[in-house]
Amino acid sequence: MLKDERALVEAARQDAEAFIQLYHAYMPRIYRYFSFRLQDRQRAEDLTAAVFERALKGLHTFRPEKGSFAAWLFGIARNALSDAYRRLERRGETVSLEEAAPLAAREKTPEERLLRREQMARLESCLTALPEREQQIIALKFGAGFTNRRIAEVMGLSETNVGTILYRTVRKLKERLLEMEEL
Amino acid sequence: MRADERDRDRETPRWESEKVRIFSEYVDRLMEERGEVPEELGGMMTVAAWLAERGEEPEPPFTRRLEDSLHQQWTAQHGAPRAPRRGWWPWPRFGRARWRALAAALAALLLLGSVSLLSPRMRSVVARTVEDGIEIVLERASVREMKPQRQWELPPSEIPTYASVREAQERVDFHIREPAYLPPGLRLEGVQVADGSAVLVGYRREREGQGIELLYISQSPVMEGEDVSIGCVGKIQEIDLREHRAVWCRDRRRRNSLFWQDGDLLFGMYGTLPPEEMEAVAVSLFEE
């Protein structure tokens, strides 16, 4: 993603400018990843902030020989997300489907808004029913906007495997959405 | 990495997903009409497009808060980062070795410039293009333009994109010509309109990823009172395009680029297709 990222990470341990470059490269992706998973702006902001604060604090623990910086950073993000889900479960909270249609305002007519809200609510319900690994891959692809190769690095899978999982997951989502429409 | 490069990198994923969305919907509609794509794949493209729309962008107040907080944390861990340069001197402060290197580079540039301007071909190309109102800036030391110029670029994420030329046509005062000829497999990808006076039409080959982009810029108001330069790298070649002088060159991304002017419109074509095919497309624009 970044040219000579390894050298940049090395420099970021002491040089604020280098850390800022890493931040600019990854912050929007991390934010969109959380936003995709949680559909809650406030929680996405809190978790994004937590990830970068942890990353800054723990940058000296990053070992490039063990994997890429993206994999390390998204490892922190995944842990933060798991913690957040656990907290939500303990409190008995769920993400509201009303909040799960943030794009509704983009549609022009009330009918279109309603249709989009319904579509997004159905999609939300299908997404949350997916196994965790599939949800992660979909969020990394469509939320963080990663290539299959990057997802493979982050998830410790082969690139081909990621492509196949994505294809099958989207097909599964489509089938479930169709079933819901027929009900 | 420069700030503009960084911003471009930050915008890329969103722009790509936007393009994926537009393209997928377009192909979906097109193929469903033709009945050539299995229904399953058609529906999958729609689901993929919904997914691509799902994530949101961070809002500026949040990014400012986060940056402030990280700055404080950095300061607590490492001490204050180096202060930004202040004072009247806007450039980095150079040591003696850098000044020497800079002086040597300037001398070399001046020498190269003088030698290249001796070439009648270069002089004639610059003179004729300036005469016609188009200024081609060559990124060779020899013929770098003298006037301050605005580099023409279409910032991708801020410009509305339309799925058809017809939709874009409603947003501009000039006629958007469509090529009478397109190489096999090339299909419309999307049309961008900037300022109501510049249009960028993208055509792409689905499987090989090859494509062309057609740029139309109206003289007014974009070019009025302002020089618009188009960056070319390396050699340029003049050709006759239906009795219009046109210039072939390569842009910064090493794509073939062809420019010409017809009336009040400046035309540009960038692409990864062979030059013969691009020229055939350009010629066909005169046939409409």
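Everything numeric here is computed off the predicted structure, so don't read it as measured data.

**What to know about the overall build of chain B**
Argument step 1. Within chain B, the secondary structure is distributed over eight helices and 10 strands.
Argument step 2. Residue burial in chain B is summarised as follows: out of 288 residues, 42% are buried.
Argument step 3. Once local pairs closer than 6 in sequence are excluded, the contacts in chain B between residues at least 24 apart make up 54%.
Argument step 4. In the structure as shown, chain B presents an accessible area of about 16800 Å², 52% of it carried by carbon and sulfur atoms.

**Re the nonpolar core**
Soluble globular proteins tend to pack their nonpolar side chains together in the buried interior.
Argument step 1. Counting 68 residues, the largest nonpolar core has Phe-34 and Phe-74 of chain A together with Leu-51 of chain B as its most contacted members.
Argument step 2. With 14 residues, the top contributor of residues to this core is helix H2 (residues 16-38) of chain A.
Argument step 3. Three or more residues apiece are contributed to this core by two domains, here domain 1 (1-100) and domain 2 (109-183) of chain A.
Argument step 4. If we ignore the near neighbours within four places in the chain, the residues touching Phe-34 of chain A are Gln-39, Ala-44, Leu-47, Thr-48, Val-51, Ala-77, Ala-80 and Leu-81 of chain A.
Argument step 5. Of all hydrophobic cores here, the second largest spans 31 residues; its members include Val-199, Tyr-203, Leu-241 and Ala-246 of chain B.

**A word on the interface of chain B and chain A**
Argument step 1. Residue-level contacts link 34 residues of chain B with 45 residues of chain A.
Argument step 2. Carbon and sulfur atoms make up 61% of the surface buried where chain B meets chain A, a total of about 4000 Å² over both sides.
Argument step 3. In terms of surface lost to chain A, no three residues of chain B exceed Trp-50, Arg-54 and Glu-56 of chain B, which account for 21% of the buried area on that side.
Argument step 4. Linking chain B to chain A there are four salt bridges.
Argument step 5. Viewed at the interface, chain A and chain B are joined by nine residue pairs in polar contact (both at pLDDT 80 or more).
Argument step 6. At the level of elements, helix H1 (3-34), helix H2 (39-54) and helix H3 (60-78) of chain B are the ones that each hand at least two residues to the side of chain B that touches chain A.
Argument step 7. In the side of chain B that touches chain A, the residues fall into 15 nonpolar, seven polar and 12 charged.

**As for the pattern of salt bridges**
Residue and element names in this part refer to chain A.
Argument step 1. Scanning all chains against the criterion turns up 16 salt bridges over all chains.
Argument step 2. The partner of Glu-132 in a salt bridge is Arg-37, and the shortest N-O contact between them spans 3.2 Å. Taken together, the residues span a long stretch of sequence, with Glu-132 in helix H6 (residues 132-143) and Arg-37 in helix H2 at a distance of 95 residues.
Argument step 3. Among the salt bridges present, the one from Arg-150 reaches Glu-153, with a minimum N-O distance of 3.8 Å. Taken together, the residues Arg-150 and Glu-153, both in helix H7 (residues 148-155) and three residues apart, mark about one turn of the helix.
Argument step 4. Overall, the relative accessible area of 12% leaves Arg-150 in the buried class.

**Some points on the pairing of strand E9 (residues 256-262) of chain B**
All names here are of chain B.
Argument step 1. In terms of burial, E9 is largely enclosed, as seven of its seven residues are buried.
Argument step 2. Residues Asn-256, Leu-258, Trp-260 and Asp-262 point to one face of E9 and Ser-257, Phe-259 and Gln-261 to the other, with burial holding for every one of them.
Argument step 3. Taken together, the five bridges between strand E8 (residues 244-250) and E9 define a ladder with antiparallel strand orientation. By the bridge assignment, Cys-249 is partnered in E9 with Ser-257.
Argument step 4. Where E9 lies against strand E10 (residues 265-271), seven bridges are found, and the strand directions are antiparallel. When the bridges of E10 are listed, Asp-262 appears paired with Leu-265.
Argument step 5. In textbook terms, the turn of a hairpin is the stretch between consecutive antiparallel strands, and for E9 and E10 this stretch comprises two residues, one of which, Gly-263, has a positive phi near 65°.

**Topic: the confidence of the model for chain B**
Argument step 1. Looking at chain B as a whole, its pLDDT mean stands at 68, while 54% of the residues score no less than 70.
Argument step 2. Confidence metrics for the complex model read pTM 0.48 and ipTM 0.76.

**Thoughts on the packing of helix H4 (residues 69-91) of chain A against H7 of chain A**
Residue and element names in this part refer to chain A.
Argument step 1. One way to put it is that H4 packs onto H7 with a least axis distance of 8 Å and a crossing angle of 65°. Considering only the axes of H4 and H7, their crossing is right-handed. For the pair H4 and H7, contact is made by Ala-70, Ala-71, Phe-74 and Arg-78 and by Arg-150, Glu-153, Val-154 and Met-155, respectively.
Argument step 2. Taken together, the residues that form the contact of H4 with H7 break down as five nonpolar, no polar and three charged.

**Things to note about the environment of Thr-61 of chain A**
All names here are of chain A.
Argument step 1. When you line up the elements, Thr-61 lands in the loop between helix H3 (41-58) and H4.
Argument step 2. On the basis of relative accessibility, which here comes to 44%, the residue Thr-61 falls in the partly exposed class.
Argument step 3. In this structure the C-alpha to C-alpha distance between Thr-61 and Trp-72, which are 11 residues apart in sequence, comes to 10.0 Å.

The rules behind each value
Residues numbered from 1 in each chain as written. Chains lettered and ligands numbered in written order. Predicted model: local features only at pLDDT ≥ 70, side-chain atom pairs only at ≥ 80, totals over all residues. Heavy atoms only, no water. Helix = DSSP H or I, 4+ residues; strand = E, 2+ residues; numbered from the N terminus. Buried < 20%, exposed > 50% of the residue type's maximum accessible area, 1.4 Å probe, protein only. Contact = heavy atoms within 4.5 Å. Areas by Shrake-Rupley, 256 points an atom, 1.4 Å probe, with all protein chains shown as cover. Core = buried A, V, L, I, M, F, W, Y, C linked by side-chain atoms within 4.5 Å. Domains from an automatic or database assignment. Buried area = accessible area lost by both parts, 1.4 Å probe. Salt bridge = Lys/Arg side-chain N within 4 Å of Asp/Glu carboxyl O. Polar contact = N/O pair within 3.5 Å; in protein donor to acceptor, adjacent residues only side chain to side chain. Nonpolar A, V, L, I, M, F, W, Y, C, P; charged D, E, K, R; others polar. Pairing = 2+ DSSP bridges. pLDDT = per-residue confidence, 0-100. Axes fitted to C-alpha atoms, helices over the stretch in contact; angles between N-to-C directions. Left-handed = near helix turned anticlockwise from the far one by under 90°.

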